[in-house]
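For reference, the chains in residue letters:
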Amino acid sequence: MVEVTLTQAQVDRFHERGFLRLAAITSQEEVTRLQGVYDGLFEPGALVSERDRYELAGSPDAPPALPQIVNPERYAPQLLETIAYRNATRVAAQLLGDDVKPGGMHAIRKPAKDGAATPWHQDEAYWDPAYEHRGISIWIPLQPATLENGCMQFVPGSHHLGVQPHQLINADSHGLELASLELVEEAVACPLPPGGATIHFSRTVHYAGPNTSTEPRRALIMGFSTPPTLLPQPRHMPWQRPEWYA
Ligand SMILES: O=C(O)CCC(=O)C(=O)O
């Protein structure tokens, strides 16, 4: 049984740098079990609503390059009955406080050899501009995460910035990218063993490279946040599409 509680030094480091790396958030047995559940969700016949499937980078006519399923726990509720989720919930309360709420999971499975990079972005660039947000993501690879298959990379301290200008990756995609790459020179890559985790704030600038390996790169991502508060004026985020909040 892997039980994770952060030390005060880890909590402080997270608040200072905007991300944290954990060598283990679950057991290897659970990783093996989750791989099967996860891959099943991406099978062509899987009963996942079209509403919860997105291609982040490619176009509808090309093979998927960055397929994502949002709310995978709707289709595989056993994802909530895991060591990983129990630990993630405990860690989220340590980092965000007792009013933290689960914000849903998502799954990004980069195909072997042709998996696209997840461009530099801040998660908050996708979120409702009418609110002030405070959220984190806990990113868990279900195989080793390496530079070759697209481990996470972060810009230290970037969570102290506001939401930066973003743009759509291309006209057909749902994915966003930073409009300028000036910030990313200081980035830190975080390779991980299977069942490790990185944690980042919703404003931390991050990226994951392409998958050039011969295996799919699976990442299960668990979101947590405190209740958002209404801003006096919505933020200006002209890259968002009106239908995102329809
Ligand atoms: O898994 C990836 O490729 C990127 C994940 C990501 O951007 C996130 O968890 O916020």
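These numbers were taken from a predicted model, which means no experiment stands behind them. Every chain's residues receive numbers from 1 upward, in the order its sequence appears when written. Reporting in this predicted model follows two pLDDT cut-offs: at least 70 for local features of residues, and 80 or more for side-chain atom pairs to be given and counted; totals over whole chains, interfaces and linings ignore these cut-offs and use all residues. Each side-chain value is derived from all of the structure's non-hydrogen atoms; neither hydrogens nor water enter the calculation.

Participant: Can you lay out the packing of aromatic side chains for me, pointing to particular residues and giving the numbers?
Facilitator: Pairing of aromatic rings covers Phe, Tyr and Trp, the last through its six-membered ring, and needs centres within 6.5 Å; plane angles under 30 degrees mean stacked, over 60 mean edge-to-face, and all others mean tilted. Within this structure, the stated rule accounts for five aromatic pairs. Measuring from ring centre to ring centre gives 5.3 Å for Tyr38 and Phe42, while their planes differ by 35°; the resulting arrangement is tilted. Residue Tyr38 and its partner Phe42 are both found in helix α2 (residues 28-42); the two are separated by four residues, about one turn of the helix. For Tyr38, a relative accessible area of 3% corresponds to the buried category. Here a strand is any run of E in DSSP of at least two residues, a helix any run of H or I of at least four, and the numbering for each starts at the N terminus. Classification of residues uses two cut-offs on accessible area relative to the type maximum, computed with a 1.4 Å probe and protein chains only: under 20% is buried, over 50% is exposed, and between them is partly exposed.

Participant: Explain the site of the ligand to me, and be specific about the residues and the numbers.
Facilitator: Any residue with at least one heavy atom within 4 Å of a molecule or strand is counted as near it. Surveying the vicinity of the ligand reveals the residues Ile108, Lys110, Thr118, His121, Asp123, Trp139, Met152, His200, His206, Ala208, Arg217 and Ile221. Polar contacts, as used here, are pairs of N or O atoms within 3.5 Å; protein pairs need one atom able to donate a hydrogen and one able to accept it. Residues neighboring in sequence count only if both atoms are side-chain atoms. At a separation of 2.5 Å, an oxygen atom of the ligand approaches a polar side-chain atom of Thr118. Within the side chain of Trp139, a nitrogen or oxygen atom sits 2.8 Å from an oxygen atom of the ligand. Counting residues per element, the ones that place at least two in the shell around the ligand are β4 (101-110), β5 (118-121), β13 (206-208) and β14 (217-225). Looking at the shell around the ligand, its residues break down into five nonpolar, four polar and three charged. All residues other than Ala, Val, Leu, Ile, Met, Phe, Trp, Tyr, Cys, Pro, Asp, Glu, Lys and Arg, Gly among them, are scored as polar; the first ten of these are nonpolar and the last four charged.

Participant: Tell me about the pattern of salt bridges, residues and numbers included.
Facilitator: Each reported salt bridge corresponds to a side-chain nitrogen of Lys or Arg within 4 Å of a carboxyl oxygen of Asp or Glu. Within the structure shown, the criterion is met by eight salt bridges. With its nearest N and O atoms 3.7 Å apart, the salt bridge here joins Glu50 to Arg53. You can call Arg53 partly exposed: its relative accessible area is 22%. Notably, a salt bridge pairs Glu132 with Arg203, separated by 3.9 Å at the nearest N-O pair. Of this pair, Glu132 sits in strand β6 (residues 131-132) while Arg203 sits in the loop between β12 (197-201) and β13, and the two are 71 residues apart along the sequence.

Participant: Lay out helix α4 (residues 83-96) in plain terms, naming residues and giving numbers.
Facilitator: To estimate how far a helix should reach, multiply one less than its number of residues by 1.5 Å. For α4, built from 14 residues, the straight-helix expectation of 20 Å at 1.5 Å per residue is met to within 8% by its first-to-last C-alpha distance of 20 Å. Of the positions making up α4, those classed as buried are Ile83, Ala84, Tyr85, Asn87, Ala88, Val91, Ala92, Leu95 and Leu96. Positive backbone phi, approximately 100°, marks Gly97, located one or two places after α4.

Participant: Tell me about the sheet that holds strand β2 (residues 53-55), and please be specific about residues and values.
Facilitator: In this analysis, strands are considered paired if DSSP registers two or more bridges between them. Read from one edge of the open sheet, seven strands run β1-β12-β7-β14-β4-β3-β2, paired in antiparallel fashion. In this open sheet, the two edge strands, each paired with only one partner strand, are β1 (19-22) and β2. The sheet shows a mean angle of 20° between the axes of neighbouring strands, direction not considered. The pairing of β1 with β12 spans four bridges and is classified as antiparallel. Each bridged residue has a counterpart across the sheet, and for Leu22 the counterpart in β12 is Ala197. Contact between two residues is taken to exist if any of their heavy atoms lie within 4.5 Å; hydrogens are not considered. Helix axes are fitted to C-alpha atoms over the stretch in contact, other axes to C-alpha atoms as well, and angles between N-to-C directions run from 0 to 180 degrees. In the packing of α2 onto the sheet, contacts are made with β2, β3 (67-70), β4 and β14, and the angle to β4 comes to roughly 75°. This element, α4, spans β4, β7 (135-141), β12 and β14 of the sheet and lies at about 45° to β14.

Participant: Outline the state of the cysteines, listing residues and values.
Facilitator: Disulfide assignment relies on a single distance test, namely cysteine sulfur atoms paired within 2.5 Å. Under the defined criterion, the tally for this structure stands at zero disulfides. With no disulfide of its own, Cys151 has Cys190 as its nearest cysteine by sulfur position, at a separation of 7.1 Å. For Cys151, a relative accessible area of 1% gives the class buried.

These results come straight from atomic positions and should not be treated as a statement about function.
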